[in-house]
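# A closer look at the structure
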Amino acid sequence: MTEPVRTAPVTPDKGIHQTTLKAIALLIGVAATVLTPLVQLSSTNPLEVWSTVLVALIGWVAYALVSRGHTVYMPHLMVYSVLMAANLAVLAFGSVRTAGGFLFVAAVAGAGILLSRTALIGSVVFSVASLGALTLAEARGGLHTPNFAVGTKVWITHSTVLIVVAILVYYSRSRAEAAFQRQLEELALRKRTEQERDRSLVRFARIFRTSPSPMLAQSARDGMILDVNPAFERCYGYTRDQVLGQPDHRLWADLSQRTAYLEQIAEHRRTERVAARSQRADGSPFDALVSSEMSDDPGDRLVITTIIDVTTQNEAMERLRKSEERFAKAFNFSPLKMTITRLSDGKFIEVNQARDPVQGLRRDDLLGKTTLELGGWLSPADRQTFIDRILADGHVSGYETRMRHVDGGVIDAKMWAERIEIDGEDCILSCFVNTTEEKRREAQLLALTRGMAGPSGDALFQALTLHMAQAIGADMVTVSELRDDHRARTLAVWKDGRNSRNYSFDLDGTPCAEALKQPSLYVHESALAQRFQHYQALADEGLQAYVGQPLRDEDGTPIGVLNAFWRHPVHLSNDTRALMAIFASRANAELVRLRRDREILRLNTSLEERVRERTAELRKLNAELDSFAYSVSHDLKSPLRAIDGFTQLLQESLEGRLDAHEAELLDRVLAGTHRMSTLIADLLALARVSQGPLQRSPVDLSAMALQVLQAEQAKHPERTLRWQVAPGLHAECDARLARIALENLLGNAVKYTRDQADAVIEFGQLPNHQGAAGDFFVRDNGTGFDMAHAHKLFQPFQRLHMPSAGFEGTGIGLATVRRILERHGGSIRAVAQPGEGARFLFSFEAATSAAPPATSTTP
């Protein structure tokens, strides 16, 4: 429940109060002082004189005290002094009807204006009691006889009282006006305050509702939830109606944290980002930062709480901590030298404990110094080039540079660096590898590779033995090839700084024989002649050390050996072994290539002879086969004509005497003789196209195709054919055979489009491709065929459409076309879809490109 608003008592303005008191005291002092001689002259009663003196004395004393700032009890002194003076004046005059009665009125008026309520009541009671006592005394004759004569004294007394009352009234009105003005100002201030409060409430409500962080308002008395914002609903999974009027226990995963949190709010009235474990509606906990503030309004104690879900942030911080821990371990315990330098000036700010393989400096030597000071860069320009690179890419990998060693020498190095940020400052994380020895090896290998890359065969082996002897410091190097008689012959010999003549030798009892038994290098570092005593040449040459590498074919068969000899004992280093392997690999590849070349040469020689023999044999067989086919076809014609003729005579002589079945049998015999006649004619045509030489000449295929199509139209006057023939198609070919090919292709197109109402046949040429003339093509919109059976298309006696389908033929035509084109060196292929027509693409040996196609139709 809200308590009533209490207003503090209005305090008179201190300046007005003091001025009024001074004016009243001065007036009383002056008036009483003026009256004192008048009273003394006109009155014989000493009490009346002393009462006037007392009033004058009170006035001046009060004036003096007020002038010095003593105003706290001055109104009391003046009011009660005037009341005493009034009593003395009545007693001195002898009647309450004297001018002294005005003093009672003036005193009560002053008490009402200047004093508190209690003092006012006291002055009224005192005045009433005094007047009552004096009136009673006068009535009973207890006072002396008064003198009611009037004069200056009476006028001054009355005037003074009136002026004092006027001053009091003016003061009272001034104080009332000031109080009223203050009330108006206070009302205006309260109105502005309430308006500002309303605006603040609206702003707070807007902030409360739109805040992305969960917020809730609670009662500070009982902790009940009064309101929550939408972010709270999204975060916790509760709806607003589910939590309103409920305690907040369900929001805490650990109630002991809630207790400690409430104690903190009660003590400090606010909290800032207190870490806590909160709990959602589904029971899942999450990390949160809780901030609360309690209002100062005693009538409506509210606690406004803001929650920040920091689960993701804490997880990220934990990942960051682990990442930093891993980085620190990787940095400090890395065997590679790693440093962190400032990008701005190259100053070392962190260095790990690994040995410095490049400059030979310790960690303490580097910290606090710059890379330029310590020779990390040979010049500022080198560092600037590196800085430009890392600013552009953010990192460098395998960056090649040169650094100065602590002993003054220049070292080749490779550098890996990454641009990082530490405490808001750009830095560079770097590691280094000394590549001086690697550079030396690369230069050596590059020189060796260049020395062996150019030549081949014997020249290569000579160059290889030269460079190998120089690279490994051998006194003698040889490359030997194995022979079938368990002997070897050298392909190149380098001895004592020059080439020597090749020689053959028996492998038995030699280091080469032992080397061929090994899977890799065979090494004998000293006492070579003692080990192979039966091989006298070793002792004669004074050779003491040997290294041999077997050379093998792709199947692992030994084919040779690479040898190196020294006249002194040697210790074979890893570098020497690596160089030996490189030389052996190159020698092995070249020896394999030489043996393959020899084999290829031998095979080519025998193959050419076999091809010539086989070609002659095939030509003979083809000629015999064509002659046989021609003879058989020709010899079959006479008996076939006899069968056909006698059958026709028999049919004519028996006409009218045969029943239907017998007549059908004779018709079938005649049809068979006609089909066989056609087949024999096609076989003869196929045989003819394979016989005789080709008579190549420029042939206008466009004109030839038009002639063939016009002839087909004449054969089938009942049909309307439409064709498109590209003009200017030429080929270097045999004109007779080319016409046979076109007659077969265009005839087939006419035949297989007879079921089309609008038969369209096209003859043209594809565009040139990569400088070569495109294929010619014949295209129709006829029956087409299934490409699954296309492999049968150009074989003799193979047909894709049976006679029962209404398409006559023997299956020889396309085989004839293929034979013609193959004789010219060309080819043919077909593309089709059932019901969508077919396209035959073919070429002669020397076809020219076509002009743009033109369309022609029959008249």
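Residues numbered from 1 in each chain as written. Predicted model: local features only at pLDDT ≥ 70, side-chain atom pairs only at ≥ 80, totals over all residues. Heavy atoms only, no water.

## Describing the overall build of the protein chain
- Each helix and strand counted, the protein chain has 22 helices and 26 strands in total.
- Relative to its 859 residues, the protein chain shows a buried fraction of 37%.
- Total accessible area on the protein chain stands at roughly 48,500 Å², and carbon and sulfur atoms take up 56% of it. (Helix = DSSP H or I, 4+ residues; strand = E, 2+ residues; numbered from the N terminus. Buried < 20%, exposed > 50% of the residue type's maximum accessible area, 1.4 Å probe, protein only. Areas by Shrake-Rupley, 256 points an atom, 1.4 Å probe, with all protein chains shown as cover.)

## A short note on a nonpolar patch on the surface
- On the surface, a cluster of nonpolar side chains totalling about 300 Å² of accessible area is made up of Leu26, Val30, Val34 and Trp60.
- By the element assignment, Val30 lies in helix H1 (residues 14–42). (Patch = residues over 30% accessible without salt bridge, like charges linked within 9 Å, V, L, I, M, F, W, Y side chains within 5 Å. Salt bridge = Lys/Arg side-chain N within 4 Å of Asp/Glu carboxyl O.)

## Considering the pairing of strand S23 (residues 827–832)
- Residues of S23 alternate between two faces, with Ile828, Ala830 and Ala832 buried on one and Ser827, Arg829 and Val831 left unburied on the opposite face.
- Looking at chain direction, S23 and strand S24 (residues 838–843) are connected through 6 bridges and run antiparallel. Counted as the bridge partner of Ala830 is Phe840 from S24.
- Between S23 and S24, which pair antiparallel in sequence order, lie 5 residues; one of them, Gly835, sits at a positive phi of approximately 80 degrees. (Pairing = 2+ DSSP bridges.)

## Comments concerning the sheet that holds strand S8 (residues 395–404)
- Pairing within the open sheet is antiparallel, and its 5 strands lie in the order S7-S6-S10-S9-S8. In the strand order of this sheet, the two ends are held by strand S7 (348–351) and S8, each with one partner. Each strand axis lies, on average, 30 degrees off the axis of its neighbour in the sheet, ignoring direction.
- Judged from the 8 bridges that link them, S8 and strand S9 (residues 410–422) form a sheet pairing that is antiparallel. Directly across from His395, in S9, lies its bridge partner Glu418. (Axes fitted to C-alpha atoms, helices over the stretch in contact; angles between N-to-C directions.)

## Examining empty space enclosed by the protein
- This structure, assessed with the given rule, holds 2 cavities of 30 Å³ or more.
- Roughly 200 Å³ of internal volume is contained in the largest cavity.
- Secondary structure elements with two or more residues in the lining of the largest cavity: strand S6 (337–342), helix H12 (380–393) and strand S10 (425–434).
- Among the residues forming the lining of the largest cavity, the class breakdown is 10 nonpolar, 7 polar and 4 charged. (1 Å grid on protein atoms, 1.4 Å probe; cavity = no way out; pocket = protein on both sides within 12 Å on 5 of 7 lines; lining within 4 Å. Points joined across faces, edges and corners; volume = space filled by probe spheres on them. Nonpolar A, V, L, I, M, F, W, Y, C, P; charged D, E, K, R; others polar.)

## Focus on unusual backbone geometry
- Unlike most non-glycine residues, Arg273 shows phi in positive territory, near 50 degrees.
- Residue placement: Arg273 occurs in strand S3 (residues 270–279).
- Of the residues examined, Arg273 reaches a relative accessible area of 49% and is grouped as partly exposed.

## Side note on the environment of Arg363
- Mapping Arg363 onto the fold places it in helix H11 (residues 363–366).
- Residues Arg363 and Asn352, spaced 11 residues apart in sequence, show a C-alpha to C-alpha distance of 6.9 Å.
- Contact partners of Arg363, with chain neighbours within four places excluded, come to Lys337, Glu350, Val351, Asn352 and Gln353.
- A polar side-chain atom of Arg363 sits 2.7 Å from a polar atom in the side chain of Glu350. (Contact = heavy atoms within 4.5 Å. Polar contact = N/O pair within 3.5 Å; in protein donor to acceptor, adjacent residues only side chain to side chain.)

## Some details on the sheet that holds S3
- Spatial ordering of the open sheet is given by S2-S1-S5-S4-S3, a layout of 5 strands whose pairing is antiparallel. The two strands at the open ends of the sheet, each matched to only one other strand, are strand S2 (225–228) and S3. Strand-to-strand twist across the sheet, computed as the mean angle between neighbouring axes with direction ignored, equals 25 degrees.
- On top of the sheet, helix H9 (residues 255–268) reaches S3, strand S4 (285–294) and strand S5 (302–309); it is set at about 165 degrees to S3, its chief contact.

## Section: helix H22 (residues 813–824)
- Along its 12 residues, H22 runs 17 Å from first to last C-alpha, staying within 8% of the 16 Å computed at 1.5 Å per residue.
- Residues of H22 that are buried include every one of Leu814, Ala815, Thr816, Val817, Ile820, Leu821 and His824, and no others.
- Directly beyond the C-terminal end of H22, a positive phi value near 90 degrees is found at Gly825. (Expected span 1.5 Å × (residues − 1).)

## Structural notes on the packing of helix H21 (residues 735–751) against H22
- Viewed as axis vectors pointing N to C, H21 and H22 meet at an angle of 145 degrees, and their least axial separation amounts to 9 Å. H21 and H22 meet at a crossing whose hand is left-handed. Every residue of H22 that contacts H21 at Leu737, Ile740, Ala741, Asn744, Leu745 and Asn748 is listed here: Gly813, Leu814, Thr816, Val817, Ile820, Arg823 and His824.
- When its residues are assigned to classes, the contact of H21 with H22 shows 7 nonpolar, 5 polar and 1 charged. (Left-handed = near helix turned anticlockwise from the far one by under 90°.)

## Overview of the pairing of strand S11 (residues 476–482)
- The element S11 is largely enclosed, with a buried count of 7 among its 7 residues.
- Side chains Met476, Thr478, Ser480 and Leu482 project from S11 onto one buried face, and the interleaved Val477, Val479 and Glu481 project onto a second face that is buried too.
- The pairing of S11 with strand S17 (residues 558–566) spans 6 bridges and is classified as antiparallel. In the sheet register, Ser480 faces S17, and the bridge partner there is Val561.
- In this sheet, strand S12 (residues 487–495) lies alongside S11 in antiparallel orientation, the contact comprising 7 bridges. Note that in S12 the partner of Val477 across the bridge is Trp494.
- Here S11 folds back onto S12 in antiparallel fashion, the turn holding 4 residues, of which His486 has a positive phi close to 60 degrees.

## Details of the pattern of salt bridges
- Counted by the stated rule, this structure contains 37 salt bridges.
- For Arg818, the salt bridge goes to Glu822, with nearest N and O atoms at 3.8 Å. Separated by 4 residues within a single helix, Arg818 and Glu822 lie in helix H22, roughly one turn from each other.
- Judged by its relative accessible area of 46%, Glu822 is partly exposed.

## Observations regarding the environment of Gly497
- Counting through the fold element by element, Gly497 comes out in the loop between S12 and strand S13 (498–500).
- Residue classification places Gly497 among the exposed residues on the basis of a relative accessible area of 53%.
- Put simply, Gly497 and Leu466 are 31 residues apart on the chain and 7.8 Å apart in space, counted from C-alpha to C-alpha.

## Observations concerning the nonpolar core
- If you look at the biggest cluster of nonpolar residues, it comprises 40 residues, and the most contacted ones within it are Leu701, Phe763, Phe840, Phe842 and Phe844.
- Ala469, Leu491, Trp566 and Phe583 belong to the second-largest nonpolar core, a separate cluster that totals 30 residues. (Core = buried A, V, L, I, M, F, W, Y, C linked by side-chain atoms within 4.5 Å.)

## Concerning the confidence of the model for the protein chain
- For the protein chain, per-residue confidence averages 80 on the pLDDT scale, and 83% of positions sit at 70 or higher.
- Per-element averaging of pLDDT across the protein chain places strand S26 (residues 856–857) at the bottom with 38 and strand S22 (residues 776–780) at the top with 93.
- Taken as a whole, residues 1–12 scores under 50 in pLDDT and shows 8 contacts with residues more than four places along the chain or in a different chain.
- Note that residues 846–859 has pLDDT below 50 and, in this model, 33 contacts with residues that lie over four places away or in other chains. (pLDDT = per-residue confidence, 0-100.)

## Focus: the packing of aromatic side chains
- Under the defined criterion, the tally for this structure stands at 13 aromatic pairs.
- For the ring pair Phe232 and Tyr236, a centre distance of 4.5 Å and an interplane angle of 25 degrees mean the geometry is stacked. On the criterion of helical spacing, the pair formed by Phe232 and Tyr236 is a turn pair, its members being 4 residues apart in helix H7 (residues 230–236).
- Its relative accessible area of 0% is what places Phe232 among the buried residues.
- The buried category is assigned to Tyr236, whose relative accessible area is 3%.
- Taking 5.0 Å as the distance between ring centres and 45 degrees as the angle between the ring planes, the aromatic pair formed by Tyr546 and Phe565 counts as tilted. Of this pair, Tyr546 sits in strand S16 (residues 545–552) while Phe565 sits in strand S17, and the two are 19 residues apart along the sequence. As far as the burial class goes, Tyr546 and Phe565 line up, both buried.
- The rings of Phe763, Phe776, Phe842 and Phe844 are connected pair by pair, giving a single aromatic cluster. (Phe/Tyr/Trp six-rings, centres within 6.5 Å; stacked < 30°, edge-to-face > 60°.)

## Some points on the packing of helix H20 (residues 701–715) against H21
- Packing of H20 against H21 leaves a shortest axis separation of 9 Å and a crossing angle of 45 degrees. Relative to H21, the element H20 lies oblique. The hand of the H20/H21 crossing is right-handed. Contacts from Leu701, Met704, Ala705, Gln707, Val708, Leu709 and Glu712 of H20 reach H21 at Ala735, Ala738, Arg739, Leu742, Glu743, Leu746, Gly747 and Val750.
- Its residues assigned to classes, the contact of H20 with H21 comprises 10 nonpolar, 2 polar and 3 charged. (Parallel < 35°, antiparallel > 145°, perpendicular 65-115°, else oblique.)

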